[in-house]
Amino acid sequence: MATKTRDAAAEKLPLDQILAGDCIDIMNSLPEGSVDLIFADPPYNLQLKGSLHRPDNSAVDAVTDHWDQFASFAAYDSFTRAWLKAARRLLKPDGAIWVIGSYHNIFRVGAALQDAGYWVLNDVIWRKSNPMPNFKGKRLTNAHETMIWASKAETSKYTFNYEALKALNEGIQMRSDWVLPICTGHERLKDANGDKAHPTQKPESLLHRVIVGSTNPGDVVLDPFFGTGTTGAVSKMLGRHFIGIEREESYRKVATARLDKVRKLDASALETSTSKRSEPRVPFGQLVERGMLRPGEMLVSPRGKAAKVRVDGSLVSAEHRGSIHQVGALLEGAPSCNGWTYWQFKRDGQLIPIDILRQQIRTEMARDA
């Protein structure tokens, strides 16, 4: 019954739209438990005092907008707790959230996340390959921002596309420090006057990694601080639905024009590398039932050890009997063995891993699904 309720709630979502207004009010008006992922880039509360200039005395286009100004830390904390509560209500039981910030706010946000019941999975350092220098020379160059990735609860079965992120990183496990450039050049959106449309526009490369790694095609990604729409643009391109919330009309106009130009990638391009654990289970006995291997047929290991296939899908060697995994482990004197990669069968004089046959069945299952 709960599943039907969530599905009905999802149908009422304003998918692929930018909603105008206060993010807390709007999130509280949306159906509970209806969103897969939230990416939040909240005000950083930079507490800037006066203008900032370069050594040549030219002004730096810093964040001086009213939406980043709070009367006190207490006021900022109250705002943070309110939007995090509204966001958590929206997430599905297995949903997750990413929040990005700088040293000005991320520690306060992190504590509020945990207090609200979220379960922190990682903190990710976005190390900027081309950061803005510290013009006053009184502090270290601020060369990174921090993202917190958290599930809705400790027990949430959140999405993590491990193999996809590994593939993005040339086959090496993705680390929690990401070296990516800030938003510059053709990607930096400008207003009618040729100025930055938004002072803290995030690069699409950052959102690409977040969305590929923690959502699946068709998922709903909500951004309560939508700005110029980077989250929406990447979500649309990658075949996810988005919901943007933005109270500033000037940002909504820029984001709308940007999204109108985005085209979704074709279905084959949206496929990602998957873990074998996520693939459907195929019992070895199914290969015997379907005649792909025959009872009495001999399987051999890479080191020449042999075992015979029995009618029930078990194996028997000169000394051992059991499953493909048990017999392989016993023959090798090992605590365990992956029989799918250990055993081979012979066809036309060639030795072929039995896992090839399992993959044939999985392909058929995917085609028929």
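Rules behind the numbers
Residues numbered from 1 in each chain as written. Predicted model: local features only at pLDDT ≥ 70, side-chain atom pairs only at ≥ 80, totals over all residues. Heavy atoms only, no water. UniProt positions renumbered as here; feature names shortened; annotations may be inferred. Helix = DSSP H or I, 4+ residues; strand = E, 2+ residues; numbered from the N terminus. Buried < 20%, exposed > 50% of the residue type's maximum accessible area, 1.4 Å probe, protein only. Contact = heavy atoms within 4.5 Å. Polar contact = N/O pair within 3.5 Å; in protein donor to acceptor, adjacent residues only side chain to side chain. Expected span 1.5 Å × (residues − 1). Arc of directions from axis to C-beta. Phe/Tyr/Trp six-rings, centres within 6.5 Å; stacked < 30°, edge-to-face > 60°. Lys, Arg positive; Asp, Glu negative; His and termini not counted. Salt bridge = Lys/Arg side-chain N within 4 Å of Asp/Glu carboxyl O. Core = buried A, V, L, I, M, F, W, Y, C linked by side-chain atoms within 4.5 Å. Pairing = 2+ DSSP bridges. Axes fitted to C-alpha atoms, helices over the stretch in contact; angles between N-to-C directions.

An unreviewed UniProt entry lists the chain under the name Methyltransferase, with Pararhodobacter zhoushanensis given as the organism. Its UniProt record gives the chain a comment under Catalytic activity (unreviewed entry), which states: "a 2'-deoxyadenosine in DNA + S-adenosyl-L-methionine = an N(6)-methyl-2'-deoxyadenosine in DNA + S-adenosyl-L-homocysteine + H(+)". In its Sequence similarities (unreviewed entry) section, the UniProt entry covering the chain states "Belongs to the N(4)/N(6)-methyltransferase family."

Engineer: Report on the environment of His325, specifying residues and quantitative values.
Structural biologist: Among the structural elements, His325 can be located in helix α11 (residues 324-332). Judged by its relative accessible area of 32%, His325 is partly exposed. Each C-alpha atom, one on His325 and one on Trp340, is 7.8 Å from the other, the two residues being 15 residues apart in sequence. When residues no more than four places from it in sequence are discounted, the contact partners of His325 are Cys337, Asn338, Gly339 and Trp340. A polar side-chain atom of His325 sits 3.5 Å from the main-chain carbonyl oxygen of Cys337. There is a polar contact of 2.8 Å between the side chain of His325 and the backbone nitrogen of Gly339.

Engineer: Before we move on, could you go through helix α13 (residues 355-368) and cite the residues and values that matter?
Structural biologist: Quick reminder: α-helices carry 3.6 residues per turn. Residues three or four places apart thus point the same way. Given a rise of 1.5 Å per residue, 14 residues ought to cover 20 Å, and the 20 Å separating the end C-alpha atoms of α13 matches this to within 8%. Those residues of α13 that fall on the buried side of the exposure criterion are Asp355, Leu357, Arg358, Ile361 and Arg362. Mapping the buried residues of α13 onto a view down its axis gives an arc of 155°, with all of them on the same face. Along α13, the residues that are exposed and aim more than 90 degrees away from the buried face are Thr363 and Arg367. Residues of α13 that are buried in the fold lie against α10 (284-289), α12 (339-342), β13 (344-347) and β14 (350-353).

Engineer: Help me get a handle on the packing of aromatic side chains, residues and values and all.
Structural biologist: What the rule picks out here adds up to eleven aromatic pairs. Relative to Phe79, the ring of Tyr76 has its centre 6.4 Å away and its plane inclined at 50°; by these criteria the two rings are tilted. Here Tyr76 pairs with Phe79, and both are found in helix α3 (residues 73-90), just three residues apart, close to one helical turn. Neither residue differs from the other here; Tyr76 and Phe79 are each classed as buried. For the ring pair Phe284 and Trp340, a centre distance of 6.0 Å and an interplane angle of 65° mean the geometry is edge-to-face. One end of the pair, Phe284, is in helix α10; the other, Trp340, is in helix α12, with 56 residues separating them in the sequence.

Engineer: Which residues make up the side chain of Arg240, and what values go with them?
Structural biologist: Along the polypeptide, Arg240 turns up in the loop between α7 (230-237) and β8 (241-246). Nearest to the buried, unbridged Arg240 among oppositely charged side chains is Asp219, at 5.8 Å. One polar contact links the side chain of Arg240 to the main-chain carbonyl oxygen of Asn216, over a distance of 3.4 Å. Leave out the neighbours within four places in its chain, and Arg240 touches Asp16, Ile211, Val212, Thr215, Asn216, Pro217, Gly218, Asp219, Val221 and Ser235.

Engineer: Requested: an account of the pattern of salt bridges, with residues and values cited.
Structural biologist: With the rule as written, the count across this model stands at twelve salt bridges. Residue Arg258 pairs with Glu204 through a salt bridge whose shortest N-O separation is 3.0 Å. Taken as a pair, Arg258 in helix α8 (residues 249-260) and Glu204 in helix α6 (residues 204-214) lie far apart in primary sequence, 54 residues in all. By relative accessible area, which is 28% here, Glu204 ends up partly exposed.

Engineer: Quick one: what's the story with unusual backbone geometry, residue by residue and with numbers?
Structural biologist: Not every positive phi belongs to a glycine, and Asp16 is a case in point at roughly 60°. Mapped onto the secondary structure, Asp16 falls in the loop between α1 (2-11) and β1 (17-20). For Asp16, a relative accessible area of 37% gives the class partly exposed. Positive phi is not limited to glycine here, since Glu170 has a value of about 55°. Secondary-structure assignment places Glu170 in the loop between α5 (162-168) and β6 (177-180). Glu170 gets classed as exposed once you look at its relative accessible area, which sits at 77%.

Engineer: Quick one: what's the story with the nonpolar core, residue by residue and with numbers?
Structural biologist: Grouped together as the largest cluster of nonpolar side chains are 32 residues, with contacts concentrated most on Met27, Ile38, Trp83, Ile97, Leu113, Tyr118 and Leu222. When residues of this core are traced back to their parent elements, those giving at least two are α2 (23-29), β2 (35-40), α3, β3 (91-101), α4 (106-115), β5 (144-151), β7 (220-223) and β8. If near-sequence neighbours (up to four positions away) are discounted, Ile38 is found in contact with Ala87, Leu91, Ala96, Ile97, Trp98, Leu222 and Pro224. Counting 25 residues, the second-largest nonpolar core is a separate cluster that includes Trp126, Leu206, Val221 and Val234.

Engineer: Can you lay out the sheet that holds β6 for me, pointing to particular residues and giving the numbers?
Structural biologist: If you walk across this open sheet you meet the eight strands as β1-β8-β7-β2-β3-β5-β4-β6, and the pairing is mixed. The two strands at the open ends of the sheet, each matched to only one other strand, are β1 and β6. Strand after strand, the sheet turns through a mean of 20° between neighbouring axes, direction not considered. Both β3 and β5 contribute to a ladder of six bridges, which runs antiparallel. Opposite Ala96, over in β5, you have Ser151 as the bridge partner.

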